[in-house]
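These are the residues of each chain, in order.
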Amino acid sequence: MREYGRDLRVADMVREELACIIQRQARDPRIGSVSVNDVRVSKDLSFADVYVSSMDAPGPAEQADLVAILNRAAGFFRSELAKRHSMRTTPRPRFHYDVSVERGPRLERLITDALAADRSAHEHG
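Described below are features of the structure shown in this document.

Cut-off values and rules
- Starting from 1, residues in each chain are numbered consecutively following that chain's sequence as written.
- A pLDDT threshold of at least 70 governs which residues receive local features in this predicted model, and a stricter bar of 80 or more applies before side-chain atom pairs are shown or counted, although totals over entire chains, interfaces and linings include all residues.
- Hydrogen atoms and water are omitted, and side-chain values are computed over all heavy atoms in the structure.
- Only protein chains enter the area calculation, which uses a 1.4 Å probe; residues under 20% of their type maximum are buried, those over 50% are exposed, and those in between are partly exposed.
- Put simply, DSSP marks the helices as runs of H or I at least four residues long and the strands as runs of E at least two long, and each gets a number from the N terminus on.
- Two strands pair if DSSP finds at least two bridges between them.
- Helix axes use the C-alpha atoms of the stretch in contact, all axes being lines fitted to C-alpha atoms, and the angles between their N-to-C directions lie in the range 0 to 180 degrees.
- The contact definition used throughout considers only heavy atoms, calling two residues in contact when any of these lie within 4.5 Å.
- Counting of polar contacts relies on pairs of N or O atoms within 3.5 Å, with two restrictions inside protein: one atom must be capable of donating a hydrogen and the other of accepting it, and residues adjacent in sequence are counted only when both atoms are side-chain atoms.
- It is the directions from the helix axis to the C-beta atoms that the arc portrays.
- The working definition used for a salt bridge is a side-chain nitrogen of Lys or Arg within 4 Å of a carboxyl oxygen of Asp or Glu.

### Thoughts on the pairing of strand 2 (residues 47–53)
In regular strands, side chains alternate between the two faces of the sheet.
Okay, step 1: In terms of burial, strand 2 is largely enclosed, as 6 of its 7 residues are buried.
Okay, step 2: Of the strand pairs in this sheet, strand 1 (residues 35–41) and strand 2 are connected by 6 bridges, and their pairing is antiparallel. Looking across to strand 2, one finds that valine 39 is bridged to valine 50.
Okay, step 3: Between strand 1 and strand 2, which pair antiparallel in sequence order, lie 5 residues; one of them, leucine 45, sits at a positive phi of approximately 65°.

### A closer look at the environment of glycine 32
Okay, step 1: Following the sequence through the fold, glycine 32 ends up in the loop between helix 1 (2–25) and strand 1.
Okay, step 2: Since its relative accessible area comes to 42%, glycine 32 is described here as partly exposed.
Okay, step 3: Counting along the chain gives 22 residues from glycine 32 to serine 54, while the straight-line C-alpha distance between them is 7.8 Å.

### Let's talk about the sheet that holds strand 2
Okay, step 1: Read across the open sheet, the 3 strands follow the order 1-2-3; overall the sheet is mixed. Of all strands in the sheet, those with a lone pairing partner are strand 1 and strand 3 (92–97), marking the two edges. Put simply, the sheet's adjacent strands are angled 25° from each other on average, direction ignored.
Okay, step 2: Packed onto the sheet, helix 2 (residues 60–72) meets strand 2 and strand 3 and runs at close to 175° relative to strand 3.

### Looking at the side chain of histidine 85
Okay, step 1: Looking at the secondary structure, you find histidine 85 in the loop between helix 3 (74–84) and strand 3.
Okay, step 2: At 2.9 Å, the side chain of histidine 85 and the backbone nitrogen of methionine 87 are in polar contact.
Okay, step 3: Once residues lying within four places of it in the same chain are set aside, the contact partners of histidine 85 are Met13 and Thr90.

### A short note on helix 3
Okay, step 1: When we look at burial in helix 3, the residues that qualify are Ala74, Phe77, Glu80 and Leu81. One side of helix 3 carries all its buried residues, which in axial view fall inside an arc of 125°.

### A look at the pattern of salt bridges
Okay, step 1: Considering all chains together, one arrives at 7 salt bridges under this definition.
Okay, step 2: One salt bridge connects aspartate 12 with arginine 15, and the closest N-O pair in it is separated by 3.5 Å. Taken together, the residues span about one helical turn, with aspartate 12 and arginine 15 both in helix 1 at a distance of 3 residues.
Okay, step 3: You can call aspartate 12 partly exposed: its relative accessible area is 40%.
Okay, step 4: You can call arginine 15 partly exposed: its relative accessible area is 27%.
Okay, step 5: Between glutamate 80 and lysine 83 there is a salt bridge, with its nearest N and O atoms 2.9 Å apart. Of this pair, glutamate 80 and lysine 83 both sit in helix 3, separated by 3 residues, roughly a single helical turn.
Okay, step 6: Given a relative accessible area of 9%, glutamate 80 falls into the buried group.

Right under this line is the structure:
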C-alpha cells in the first residue's frame, strides 16, 4: 500500500517542479504560457507522462507543435528535475496535449442545454 502512494507523490512533485521549470527556465519563445495539468508516473518511476495545455495553442496544429517542442527539450527538463530532488532515478518526461481542458466547458454547455430543454418540455407538456 505504501508503494502505491509513492508514484502519486512523485507525480505531484514532478507536476509542480515542471510547471516552475517551464515557466522560469524554458528559453524557447514558442513555448509561451503552458499549464501542466496532470502527471502520471510509471510504476517503476522511469517515465512521467505530462499533460499540458496552453491558451497560445488554439488548434490541433499548434498543440502538436507545442508538444513536439516540449518533447525535444525533455532531456533539459529531466536534468533540471534531477537537480531539484534526491531520488535515485528521475522520470523521463513525455509530453502530451491535454484535450480534456477543452472538453470540460463544452460538456458543461451540453449538460446545461439538455437540462434547459428538459425543463422546457416539462413546462409545455
